[in-house]
Amino acid sequence: TLSSSSAASDVYKRQDKEFLTKALQSVADPFTRSLLKIYKQVNEEGKATTAELGIHRSDYMMHYDDGQPVAYYQVELNTISSSFGCLSSVTSKYHKYMIERGFIFSDIPHDPSALPQNNAGDNIALGLSTAHKVYGNTKAVVVMLVLPGENNTTDQRMLEYKLWENHKIALIRRTLTDFGERGKLDSTSKVLTIDNHEVSVAYYRSGYDPNHYPTSKEWDARLLIERSKAIKCPDIAYHLAGTKKVQQVLAEKDVLERFLDQKQAVFLRQSFTGLYSLEGPNVEQVIAMVVEKPENYVMKPQREGGGHLLYGDKMTQELKRMSKEELADYIIMERIKPKHFDTKVLRDGEVQDMKAVYELGAFGIFVYDGNKVVLNIDGGILLRTKSATKEDGGVYSGVAALDSPFLVDH
């Protein structure tokens, strides 16, 4: 899975203007169109920096089909605001402690060495510090772009502290609104500043949802940051590369070979489940296929975060109702069918039984300085135990919990 994640990151990194523009040309979704508008403007003006930082997470689930070998399929690649790296590291340490102290009771012998080492938090801090050094001004700061009234602060604060403890680099927290009101861009040097701080890295832990841009002020801020020489994580191109439409286009015949050699393309394609476009000459066939067996498919929009997917009757109703333009904003994905298992969770102070499934995320981190690869590493893992009875949602919504893989011979 980690090898597939690395190959996937190479593909997404190598996507060029021609590919992205063509892949997204029919998407009418206003949010994606606004991102694409900024992307085109910055390319026309000329990018102020060739340095890039990617902190992404590729999510996978095991697929069980009667009579077929077990397969692992990619759910999605998150190229913006890939969270829980620090908390997943703490979860791994917590479970190791529980095993070493003998607090895990099971018929299976528990050896602490069977827990994979997980340094996701340290590795993400390493990515930020490496980009900061590439920027070249030790007095500059890393800015984490957060939401007003942010609730997911624990994971974010842990990263802030790790960046200082491990690398002695300061991180400050600001919102897009802050940049819209107080951010400044030097027209000559393209240096980005806010509150008298020069910005080396603009690290997005927001900005992936239309609700994060309530006014034109936030869109102005996104353009301001994108036009600067600050290293963006992600830059607008890498943000767009993570859309569901791009994921679907990459699954089409011979597309991967544009970015990888034949052997790599065949290997990566094994992690793709069926992905179908809702535009072009085959739309009616795709819709008929989905309506016939809706339990085998999910309808995905160009959105990050949970709560946007369509299943079952709701999906078939929307497929029949939507216009040609509306359909082009979605893709169809074959449903991954993981094996369900019984477990217990602590919720609201009570131990509860839960029918669950696993989802494994593999972090990848890269820093490029032009064509020079400064850093490219597997960044660690994030395992989530999720309710098997809930069709959408994650840790933040209370549907899933952080967990740790335990490796056994099989």
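Our structure is the block above this text.
Asker: Looking at this model, I keep getting lost on the sheet that holds strand β10 (residues 297–301). Mind explaining?
Answerer: Sheet strands line up and pair through hydrogen bonds in the backbone, either parallel or antiparallel. Reading across the sheet, the 3 strands line up as β9-β11-β10 and stay open at both edges, with antiparallel pairing between neighbours. Looking at which strands have only one partner, the edges of the open sheet turn out to be β9 (275–277) and β10. Averaged over all pairs of adjacent strands, the angle between strand axes in this sheet comes to 30°, irrespective of strand direction. Judged from the 5 bridges that link them, β10 and strand β11 (residues 330–334) form a sheet pairing that is antiparallel. Paired with P301 across the strands is Y330, a residue of β11. Contacting β9, β10 and β11, helix α12 (residues 283–292) crosses the sheet at an angle of about 130° to β9. This element, helix α13 (residues 312–321), spans β10 and β11 of the sheet and lies at about 60° to β10.

Asker: Can you walk me through helix α4 (residues 85–100) in this structure?
Answerer: Because each turn of an α-helix spans 3.6 residues, side chains separated by three or four positions in sequence point in the same direction. For α4, spanning 16 residues, the distance from its first C-alpha to its last is 23 Å, which sits close to the expected 22 Å at 1.5 Å a residue. When α4 is considered as a whole, its buried residues turn out to be G85, C86, L87, S88, S89, T91, S92, H95, M98 and I99. Considering only its buried residues, α4 is in contact with α5 (120–135), α6 (153–167), β13 (350–369), β14 (372–387) and β15 (400–403). Positive backbone phi, at 80°, marks G102, one or two positions downstream of α4.

Asker: Help me understand the pairing of strand β4 (residues 171–174) in this model?
Answerer: A regular strand carries its side chains on alternate faces of the sheet. Side chains L171 and R173 project from β4 onto one buried face, and the interleaved I172 and R174 project onto a second face that is buried too. Between the parallel elements strand β3 (residues 141–145) and β4, the chain passes through α6 in a crossover that is right-handed.

Asker: I keep staring at the packing of aromatic side chains and nothing clicks. Help me out?
Answerer: The way to describe two aromatic rings as a pair is by their centre distance and the angle between their planes. Counted by the stated rule, this structure contains 10 aromatic pairs. Where F31 meets Y213, the ring centres are 5.8 Å apart and the plane angle is 55°; that geometry is what we call tilted. With a gap of 182 residues between them, F31 in helix α3 (residues 30–45) and Y213 in the loop between β7 (197–204) and α8 (216–226) connect regions that are remote in the sequence. Each member of the pair, F31 as well as Y213, is classed as buried. Where F366 meets Y368, the ring centres are 5.1 Å apart and the plane angle is 75°; that geometry is what we call edge-to-face. The exposure class of F366 is buried, given its relative accessible area of 3%. The ring centre of Y204 lies 4.5 Å from the NZ or CZ of R222, which sits over that ring. A cation over a ring is seen here: K229 above Y135, with NZ or CZ 5.2 Å from the ring centre.

Asker: Explain the side chain of R57 here, please?
Answerer: Here R57 lies in strand β1 (residues 51–63). Excluding anything up to four places from it in sequence, R57 contacts E76, L77, N78, S82, S83, G361, A362, F363, L382 and R384.

Asker: Hey, could you run me through the pattern of salt bridges in this one?
Answerer: Charged atoms that come close allow side chains of opposite charge to pair. In the structure shown here, the tally under the stated rule is 23 salt bridges. E45 is paired through a salt bridge with R227; the nearest N and O atoms lie 3.0 Å apart. Of this pair, E45 sits in helix α3 while R227 sits in the loop between α8 and β8 (231–233), and the two are 182 residues apart along the sequence. Taking relative accessible area as the criterion, R227 reaches 29% and is therefore assigned partly exposed. Among the ionic pairs, K244 bridges to E76, the shortest N-O distance being 3.2 Å. With K244 in helix α10 (residues 244–250) and E76 in strand β2 (residues 71–78), the pair connects residues that are 168 residues apart, well separated along the chain. This pair shows no difference in class: K244 is buried, exactly as E76 is. A network of salt bridges, in which partner residues are shared, links R57, D59, E359, R384 and K386.

Basis of the calculations
Residues numbered from 1 in each chain as written. Predicted model: local features only at pLDDT ≥ 70, side-chain atom pairs only at ≥ 80, totals over all residues. Heavy atoms only, no water. Pairing = 2+ DSSP bridges. Helix = DSSP H or I, 4+ residues; strand = E, 2+ residues; numbered from the N terminus. Axes fitted to C-alpha atoms, helices over the stretch in contact; angles between N-to-C directions. Contact = heavy atoms within 4.5 Å. Expected span 1.5 Å × (residues − 1). Buried < 20%, exposed > 50% of the residue type's maximum accessible area, 1.4 Å probe, protein only. Right-handed = clockwise from strand over helix to strand, strands pointing away. Phe/Tyr/Trp six-rings, centres within 6.5 Å; stacked < 30°, edge-to-face > 60°. Lys NZ or Arg CZ within 6 Å of the ring centre and 35° of its normal. Salt bridge = Lys/Arg side-chain N within 4 Å of Asp/Glu carboxyl O.

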